[in-house]
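Chains, contacts and geometry: an overview
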Amino acid sequence: MQKSYILEMFPYPSGNIHMGHVRNYVIGDICARYHKLKGDEVIHPMGWDAFGLPAENAAIQFNTHPKDWTLTNIESMKNQLKKLGLDLDWEKELATCKEDYYQYQQELFIDFYKAGLAYKKDALVNWDPEDQTVLANEQVIDGKGWRTGATVEKKVLSQWFFKITKYAEELLNALDELELWPEKVKTMQRNWIGKSVGAEIKFKIAGEDDQLNIFTTRPDTIYGATFIALSVNHRLVNKFLKNKEINEIKKLFSAVDNEKEKKGYLMNIKCKHPLLEKEIPVFIANFVLDNYGEGAIFGCPAHDERDYEFAVKYKIPIIKVIECDDNELPFTHDGIVINSPLLNGLKKTEAIHKIINYFKEKKIGNESINYKLRDWGVSRQRYWGCPIPVIYYEDGTFRVLDKSELPILLPYDVDLNGKGNALLNHDNWRKIVCPKTNKIAYRETDTLDTFVDSSWYYIRFLNNKLDRPFDTKQVNDYLPVDKYIGGIEHAILHLLYSRFFMKALRDIYNLKINEPFKQLFTQGMITHKTYKTKNDEWIMPREVYQKEGKLYRGKTNEIVIEGPSEKMSKSKKNVIEPDEILENYGINATRFFMISDSPPDRELEWTDEGIQGSKNLARRINEYFKKNRTDMKLDTNKMIEKFIFNIEKNIMNFSLNKCVADVYTLFNYLEKEKVYLHNSDESKKILICLYPIVPNMVSDLYMFLFNSKNIGNWPEINKELLVEKSINLPIQVQGKLVTTINTKKGYKEKEILKSIYKLDKIKNKIQNKEVIRVINVQDKIINIIIN
RNA sequence: GCGCCAGUGGCGGAAUGGUAGACGCGCUGGUCUUAGGAACCAGUGGGCAACCGUGGGGGUUCGAGUCCCUCCUGGCGCACCA
């Protein structure tokens, strides 16, 4: 039996589902139900991404406990999901905050550690002052925390990391084989991994026994290097400057108004140029990233915009080493190398090749590949997350626990006052006697980033009750997920982490699976018109009424200004509540509308007309089947076969909006021809095709018509009926449509031309001219070319 | 700035290089109604017409919304990545 693993991204249990969830899960449900009808062994589970900060914030705000708050939310959201008529296997349900999930994550952590994929180091990390926790690089957007929007600070802390960089090359290359992923997501991941090929060059420090390693993609411009710039966090800054001075420089840098304005501080050390008998100045500069390469660059102002700007400001010499006009500086394009004894006259790639070989020979450099991707910082200074199974002794050493010492459970009795990490403040939990050494020890109080939880939940779903993380055979048999459906906002974070996890687990446990998600489908947002008063107050759409072409607010009769359709958000008051819609329009209309007006990967604008149209469609179908049976017309069977064929094709391609069009086309035909099928076998076929989309309605109708709950299998298509025997053949002259004629398929070209030439419209076109060529695309089109 | 995607009626959107606008919404007219914002029926790209029409301009082709080049516009992502 063919397996089909259909998965939608599991939700965070905030307490209420929103329209975005509805769309996501209806799309997945249609797929899953279709595959079941086709006879596949379908896996379609649901769970809860249940650790995370909102629970802690809610605990403080409402004086409840994160666990209680979360579990209550799960219950109510589960009820809401059940109202959507989703065919989910609730036996497989999991919640990442439950010990039967996270204790196995602790096992994985131990295995990662043993495999060298988890390690601890002092690191300059992103600190979110509002959430009081560290964030991964991926979670910092424009210098702000992804969740809080607070400006992120830099701090040095001892942190746990996962070695995702070990897989940088594979994560990049394997994207090419993910044929069923959107190009857009792959591009985003490629950019994020950010591979650069170049060279690493050693710069000796004059008068010191120390050196710098500098990565560059342009070793061909080495003769134009006129300065060195270091990040303020570079090792050598610490070596040569006092803390006080460093702090002053940091202050100087952060005082810059415009973030892009370049600032530098001249150090009193110099570097030797690796090829020339000269020394060049060393700056500390605000524009040098400390987390790329070693946090040091050589500046070649003539051929780099940033270096040029800096050099002009600090009056650093600018030496041209690529042929160009002076007014073209900085010249960053390819060109012929000049002023470079070893490289003169060469083109860029030749020069790069030659100089790297020279560096190798002299042992002052090497070719080098650099990635933007950093290792994944997974420590979070929060209570509501998976505890890291590590203890610390009083001498500062630590021990990663054995699997036999698991689980490390979160204590329930914590003091959540919003200040700092509740685990750190919980002495009873924290302080233990190590059973191996009998020494006093302290538990790790950081918990794991919740993106760790979601990096392997699709594996745990295969057997959520197993007494180890997963079963190898099951993983090999049932992964990858065949269709993974969710929002594009996870393009980098969740999807990259999961890919890394799959590869890491593959290598640790000898799995045969390389990628977790075979096909990725990213559904579009749901948007809704926004409305404002003249005082910029957002108001709810339902408050607005229209009179003589103008919009007014219901209770005050103020003029209302209509804004663009935007993503539903509470702050803009353009939210539609699923519960309300289900109540007013019913589940069938709701499901129809979720796929009606736009292709699933594009935005769907919520409109009253749209949902009303879906309601009408549902009603029409219901009424249709209740009418008394009539005879079929000649082409009725053909229409039904076409319907089956099209629905199947369109579900497979995620062209669900076209499925709705297919439904209209069929019922328009049946009603126009007054063909009523009632409890016929043909009705069964039609209902089965409708079942994935509107299962509730179909179940009721099936009961009513056939007194049975047993919806059969997906109907076999009678291909013979699909073939059109007669066609409307378009006739072109000079490639332009002139007329069409109705004819049988398989006509003889000579014969049909005879009758075509008799047509007035064709005669008029041809008149006295000579036919020089006739293009007959058999059964498709005829094109007559005249002189 | 770089990358990706997209530009088709009043709107959402259909079209393996082969009849552009399927299907829906809206609109117009009609039927039934005390009434209708319900339901049903008919029509609906522009133009009186010949014809013209898929963001603009080139090209490939018998034939281009579709392929190629170029420009414009919009959306998304990345962005001092050396």
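These lines cover the structure that appears in this document, whether it is placed above or below. (Residues numbered from 1 in each chain as written. Chains lettered and ligands numbered in written order. Predicted model: local features only at pLDDT ≥ 70, side-chain atom pairs only at ≥ 80, totals over all residues. Heavy atoms only, no water.)

Details of unusual backbone geometry
Cis geometry marks the peptide bond from L329 to P330, where omega comes out at -10°. Take P330: it is sitting in the loop between α9 (305–313) and α10 (348–362). Omega for the bond connecting L479 with P480 falls within 30 degrees of zero, at 0°, which places this linkage in the cis form. Following the sequence through the fold, P480 ends up in the loop between α14 (472–478) and β25 (481–487). (Helix = DSSP H or I, 4+ residues; strand = E, 2+ residues; numbered from the N terminus.)

Brief notes about the protein's contact with RNA strand B
Y292, R306, D597, K658 and K780 are the nearest of the 47 residues found near RNA strand B. Counting only the atoms of RNA strand B that lie within 4 Å of the protein, the sugar and phosphate share comes to 62%. S196 has a polar side-chain atom sitting 2.7 Å from a phosphate oxygen of RNA strand B. Separating a phosphate oxygen of RNA strand B from a side-chain N or O atom of K736 is a distance of 3.5 Å. Elements represented by at least two residues in the surface near RNA strand B include exactly α6 (183–193), β11 (211–216), α17 (608–626), α19 (656–672), β33 (726–733), β34 (736–744), β35 (771–777) and β36 (781–786). (Near = heavy atom within 4 Å. Polar contact = N/O pair within 3.5 Å; in protein donor to acceptor, adjacent residues only side chain to side chain.)

A closer look at the side chain of T530
Within the secondary structure, T530 is located in strand β27 (residues 526–533). The exposure class assigned to T530 is buried, which follows from its relative accessible area of 2%. Once you skip the residues sitting within four places of it in the chain, T530 turns out to touch W538, I561, E562, G563, P564, E566, K572 and N574. (Buried < 20%, exposed > 50% of the residue type's maximum accessible area, 1.4 Å probe, protein only. Contact = heavy atoms within 4.5 Å.)

A word on the sheet that holds β36
Think of a sheet as strands paired side by side through backbone hydrogen bonds, with each pair either parallel or antiparallel. The strand order β34-β33-β36-β35 describes an open sheet built from four strands, whose pairing is mixed. Only two strands of the sheet have a single neighbouring strand rather than two, namely β34 and β35. Neighbour-to-neighbour, the strand axes of this sheet turn through a mean angle of 20°, independent of strand direction. Pairing analysis gives six bridges linking β35 to β36, with the strands arranged antiparallel. Bridge pairing in β36 links V777 to I781. (Pairing = 2+ DSSP bridges. Axes fitted to C-alpha atoms, helices over the stretch in contact; angles between N-to-C directions.)

What to know about the pattern of salt bridges
Considering all chains together, one arrives at 45 salt bridges under this definition. Between E515 and R499 there is a salt bridge whose closest N-O contact spans 2.9 Å. Here E515, found in the loop between α15 (493–509) and β26 (517–523), pairs with R499, found in helix α15; they are 16 residues apart in sequence, far enough to count as distant. Comparing E515 with R499, the two get one shared label, buried. K503 is the partner of E515 in a salt bridge, and the nearest nitrogen-oxygen pair spans 2.9 Å. In this pair, E515 sits in the loop between α15 and β26 while K503 sits in helix α15, placing the two residues twelve residues apart along the sequence. Across this residue pair, the class does not change: E515 and K503 are buried. (Salt bridge = Lys/Arg side-chain N within 4 Å of Asp/Glu carboxyl O.)

Things to note about the packing of helix α16 (residues 578–596) against α19
Where α16 meets α19, the closest approach of the two axes is 7 Å, and the angle between their N-to-C directions is 120°. Our classification of the angle between α16 and α19 gives oblique. Across from F592, I595 and S596 in α16, the residues of α19 making contact are L656, N657 and V660. (Parallel < 35°, antiparallel > 145°, perpendicular 65-115°, else oblique.)

Re the environment of D477
Among the secondary structure elements, D477 is positioned in helix α14. D477 gets classed as partly exposed once you look at its relative accessible area, which sits at 38%. Along the sequence, D477 and K3 sit 474 residues apart, while their C-alpha atoms lie 8.6 Å from each other. Side-chain polar atoms of D477 contact the side chain of K473, separated by 2.6 Å.

Digging into the environment of L424
Tracing the sequence through the fold places L424 in the loop between β21 (398–400) and α11 (427–430). With a relative accessible area of 42%, L424 lands in the partly exposed category. Counting along the chain gives 122 residues from L424 to Q546, while the straight-line C-alpha distance between them is 58 Å. Sequence-distant contacts of L424, that is, excluding residues within four places in its chain, are made with R430 and T445.

Regarding the sheet that holds strand β6 (residues 133–135)
Read from one edge of the open sheet, four strands run β6-β5-β9-β17, paired in antiparallel fashion. With one partner strand each, in any of the chains shown, β6 and β17 (376–377) form the two edges of the open sheet. Pairing geometry for strand β9 (residues 153–162) and β17, over two bridges, is antiparallel. When the sheet's bridge partners are listed, F162 is paired in β17 with W376. Across the sheet, helix α4 (residues 99–114) touches β5 (118–128) and β9, and the angle it forms with β9 is around 90°.

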